[in-house]
Amino acid sequence: METKAKKSTPPKNEDTKAKAETKKKDVAESKADTKTTAKVTAEDNNSGSEFREFFIDELKDILWAEKALLKALPKMRKASTGKELADSFDAHLSETEEQISILEQVFELMGEKPKTKKCDAMEGLISETESIISDTEKGTAIRDAGLILAAQKVEHYEIATYGTLAAFADAMQEPKIAKLLRSILRDEKKSDKTLTILALESVNEEASEE
């Protein structure tokens, strides 16, 4: 009678070794996945942090701009010929003081102290305003037309800045900050409209006749 051959089975120690190697491989893959996830998370956090820092840097820029404008507006008012234009600069002076206060609130909401960084754009616009005053004759509509031109350049710069900063706040999911910035934006648009009406209704025509 033939005896059936017994099935060969791998030695127990080889089976254990194979399982250990498999486990070791799984652990290595798990660590690699964890490391990759951590890297992605770190990159995401770093990206958000960089955008936040950029936002704060731009806040410092516009805060400097508003404070510089606060000093320039009384000079613009004094140089004005027409009472309506002078009154509009007075009104904008009060608005600028309020806007500075609002910006300081924005800094607080961001957990930062209100600080400034020199705004080259505003410095240039104020320098241009001073040139217009020195290049025009006192008591003329031409000077007023020039002052309106300078003031509207400032307004348009501020409108662009606050509109963009509000959009940045939206992207960072900061609705309170976005709302505050848009309140300033509305003021700037209103001031720009007031200057346009003043120019079209009287100043430009009077200047053209001088």
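Within any chain, residue numbers begin from 1 and follow the written order of that chain's sequence. With the structure being a predicted model, the display of local features is reserved for residues of pLDDT at least 70 and the display and counting of side-chain atom pairs for 80 or more, all residues being used for whole-chain, interface and lining totals. Excluding hydrogens and water, the side-chain figures rest on all heavy atoms present in the structure.

Trainee: Just to check I follow, could you spell out the overall build of the chain for this structure?
Mentor: Every helix listed is a DSSP run of H or I at least four residues long, and every strand listed is a run of E at least two residues long, numbered separately from the N terminus. Each helix and strand counted, the chain has five helices and zero strands in total. Moving toward the C terminus, one meets the helices and strands of the chain in the order α-α-α-α-α. The contact rule is simple, with two residues in contact once any of their heavy atoms fall within 4.5 Å. Counting contacts in the chain only where the partners sit at least 6 residues apart, residues at least 24 apart contribute 79% of the total. Here the accessible surface of atoms and residues is derived via Shrake-Rupley with a 1.4 Å probe, and residues count as covered only by protein chains that are part of the display. Carbon and sulfur atoms make up 53% of the accessible area of the chain, which amounts to about 13600 Å² in all.

Trainee: When you look at the pattern of salt bridges in this model, what are you seeing that I'm missing?
Mentor: Oppositely charged side chains may form a pair once their charged atoms are brought near each other. Each salt bridge in this description consists of a side-chain nitrogen of Lys or Arg and a carboxyl oxygen of Asp or Glu lying within 4 Å of one another. Within this structure, the stated rule accounts for eight salt bridges. When the shortest N-O distance is used, the salt bridge between Glu 53 and Arg 52 registers 3.5 Å. Only protein chains enter the accessibility calculation, which uses a 1.4 Å probe; a residue is then buried when its area is under 20% of its type maximum, exposed when over 50%, and partly exposed in between. Its relative accessible area of 41% is what places Glu 53 among the partly exposed residues. The class of Arg 52 is partly exposed, set by a relative accessible area of 26%. In this structure, the salt-bridge partner of Asp 90 is Arg 77, at a minimum N-O distance of 2.6 Å. Within this pair, whereas Asp 90 is found in helix H2 (residues 83-109), its partner Arg 77 is found in helix H1 (residues 12-79), the two being separated by 13 residues in sequence. Several salt bridges share partner residues, and in doing so they unite Arg 52, Glu 53 and Glu 112 into one network.

Trainee: Please explain the packing of aromatic side chains as it appears in this structure.
Mentor: The relation between two aromatic rings is expressed through the spacing of the ring centres and the mutual angle of the planes. Classification of ring pairs rests on two measures: the distance between centres of Phe, Tyr or Trp rings, Trp counted by its six-membered ring, which must be within 6.5 Å, and the angle between planes, read as stacked under 30 degrees, edge-to-face over 60 and tilted in between. Counted by the stated rule, this structure contains two aromatic pairs. Pairing Phe 51 with Phe 168 gives two aromatic rings, centres 5.1 Å apart and planes at 70°, and the pair type is edge-to-face. You can see Phe 51 sitting in helix H1 and its partner Phe 168 sitting in helix H4 (residues 141-171), a full 117 residues away along the chain. Judged by its relative accessible area of 27%, Phe 51 is partly exposed. Ring plane angle 55° and centroid distance 5.9 Å describe the contact between Phe 54 and Phe 168, whose orientation is recorded as tilted.

Trainee: Would you explain the nonpolar core in this entry?
Mentor: Side chains of nonpolar character tend, in soluble globular proteins, to be buried together. Residues enter a nonpolar core if they are buried and are Ala, Val, Leu, Ile, Met, Phe, Trp, Tyr or Cys, with the set joined through side-chain atoms within 4.5 Å. With 45 residues, the main nonpolar core has Phe 55, Leu 59, Leu 103 and Leu 181 as its most contacted residues. Of all the secondary structure elements, the ones that give two or more residues to this core are H1, H2, helix H3 (120-135), H4 and helix H5 (175-208). For this core, the element with the highest residue contribution is H1, accounting for twelve residues.

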